[in-house]
Amino acid sequence: MKILITGGAGFIGSHLCDRLIGVGAGSDSGSKHEIFVIDDLSTGSIENIEHLKVHKNFHYVIDTITNKSLMRELIDKCDVIYHLAAAVGVKLIMERPVHTIETNIYGTELIFQCAAQKGKRTIIASTSEVYGKSSKIPFSEDDDLVLGPTNIARWSYACSKAIDEYLAHAYWNEKRLPVTVVRFFNTVGPRQVGHYGMVIPRFIKSALAGENLTIYGDGHQSRCFGHVNDIVRALDELKDANNTLGETINLGQPEEISINELAVKIIEMCESKSKLQYVSFDEAYGPGFEDMKKRVPDISKAKRLFGFTPKYKLNDILRDTISYHRQHQLSSRS
Ligand code: UDP
């Protein structure tokens, strides 16, 4: 199969490339496909796909998904499109709200237009951010979205992805585009960087360097973290699951941990002497920032539709991610 991955040099995208091409830890399917990647390297990195460049079934182009003629050509060539390219990460969204809205809405519309003309199987990445500040536990796909006011940049990300979801459903209903929306909850693993938010790589880096771990707010807020290997396995299986057409599906791992507990666990697992340091959300992200207290995925729909069950628990996720950062630290020193 020929498969296009937008954002293929990103954290999740590059693991998906590994799996679909048949290399690395996340690729237990043994499947062999021809992969085409488009990435503008805004948050992705060429290092993430360096090991794939020699592969005869791997092709990549560094460009923006808003390049219409190029997108048309790539989509025409491929059987399946994974649309993962997006402006992501809370920090980036707070710093570049215009870029976030433009990339996430215009880029997606273009991809749906081209894919719909040829009826190409499309899977689009959305985010648990769309649930906003709803206090429901857990979040299920049919729940209401509770977003804050439009003058708070954080919600522009959630809103831009919600528009993408509306577009996906509109293209399915009106143009029969065979599309599935997946909502990623906090996904973690090797290659994820902390420059754009992302608490686990930030804490691990600090712990390994013996520096303070910076907790935003009081640290009582909690999250549920999923292993990237589980997520890319689900994405792979989804492409063949015809009962997921026109559906929105949560992907994550429902084991919950507070940010305080997470920090302590990471310090222990890294055998570090680091301490905790508390800063306010205003200091961390600028005035008016609103954080979510909890975010737990209901993954029963994914299980029902295509048998999704996460194999990795938080300890496995931390072990793999710490080991990656240790190796990376060593290789960047040598
Ligand atoms: N967080 C933190 N210190 C950091 C980065 C994040 O305490 O250095 C907190 C953040 O405020 C949030 C949680 O950790 O409550 C998860 O943050 P992340 O950016 O990883 O994901 P999201 O906010 O999108 O869930």
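One can find the structure itself at the top, above this paragraph.
Residues numbered from 1 in each chain as written. Predicted model: local features only at pLDDT ≥ 70, side-chain atom pairs only at ≥ 80, totals over all residues. Heavy atoms only, no water.

Details of the nonpolar core
Grouped together as the largest cluster of nonpolar side chains are 35 residues, with contacts concentrated most on I5, I35, Y82, F184, L235, L251 and F306. Not counting residues within four places of it along the chain, the set of residues in contact with Y82 comprises I3, L4, I5, T6, L16, L20, I123, L235, D236 and K239. Of all hydrophobic cores here, the second largest spans 25 residues; its members include I38, L74, F112 and C114. (Core = buried A, V, L, I, M, F, W, Y, C linked by side-chain atoms within 4.5 Å. Buried < 20%, exposed > 50% of the residue type's maximum accessible area, 1.4 Å probe, protein only. Contact = heavy atoms within 4.5 Å.)

Observations regarding unusual backbone geometry
The omega angle of the peptide bond from I137 to P138 is -15 degrees, so this bond is cis rather than trans. Positionally, P138 belongs in the loop between β5 (121–127) and α5 (154–175). One non-glycine residue, L41, lies in positive phi territory at about 60 degrees. Relative to the helices and strands, L41 is located in the loop between β2 (34–39) and β3 (58–62). Here the phi dihedral of E271 falls at roughly 50 degrees; this positive angle occurs in a residue that is not glycine. Structurally, E271 can be placed in the loop between α8 (259–269) and β13 (276–279). (Helix = DSSP H or I, 4+ residues; strand = E, 2+ residues; numbered from the N terminus.)

Concerning the state of the cysteines
What makes a disulfide is a covalent bond joining the sulfur atoms belonging to two cysteines. Throughout the structure, instances matching the rule amount to zero disulfides. With no disulfide partner, C78 has as its closest neighbouring cysteine sulfur the one in C17, 11 Å distant. A relative accessible area of 1% means that C78 is categorised as buried. (Disulfide = S-S within 2.5 Å.)

So, the site of the ligand
Lining the immediate environment of the ligand, one finds 19 residues, of which V199, T214, Y216, R223 and R295 sit closest. At 2.6 Å, a side-chain N or O of R223 approaches an oxygen atom of the ligand. With the chains in place, 94% of the 520 Å² that the ligand exposes on its own is no longer accessible. Residue assignment for the shell around the ligand shows that the elements contributing at least two residues are α6 (199–209), β8 (213–216) and α9 (281–285). Counted by class, the shell around the ligand contains nine nonpolar, four polar and six charged residues. (Near = heavy atom within 4 Å. Polar contact = N/O pair within 3.5 Å; in protein donor to acceptor, adjacent residues only side chain to side chain. Areas by Shrake-Rupley, 256 points an atom, 1.4 Å probe, with all protein chains shown as cover. Nonpolar A, V, L, I, M, F, W, Y, C, P; charged D, E, K, R; others polar.)

Section: the sheet that holds strand β6 (residues 179–184)
Taken in spatial order, the seven strands make up an open sheet running β3-β2-β1-β4-β5-β6-β11, and their pairing is parallel. At either margin of the open sheet sits one strand with a lone partner, and together these are β3 and β11 (248–251). Averaged over all pairs of adjacent strands, the angle between strand axes in this sheet comes to 20 degrees, irrespective of strand direction. Sheet analysis places β2 next to β3, joined by five bridges and oriented parallel. Its bridge partner being in β3, I38 is matched across the sheet by V61. Along the sheet, α5 makes contact with β5, β6 and β11, crossing β5 at roughly 155 degrees. (Pairing = 2+ DSSP bridges. Axes fitted to C-alpha atoms, helices over the stretch in contact; angles between N-to-C directions.)

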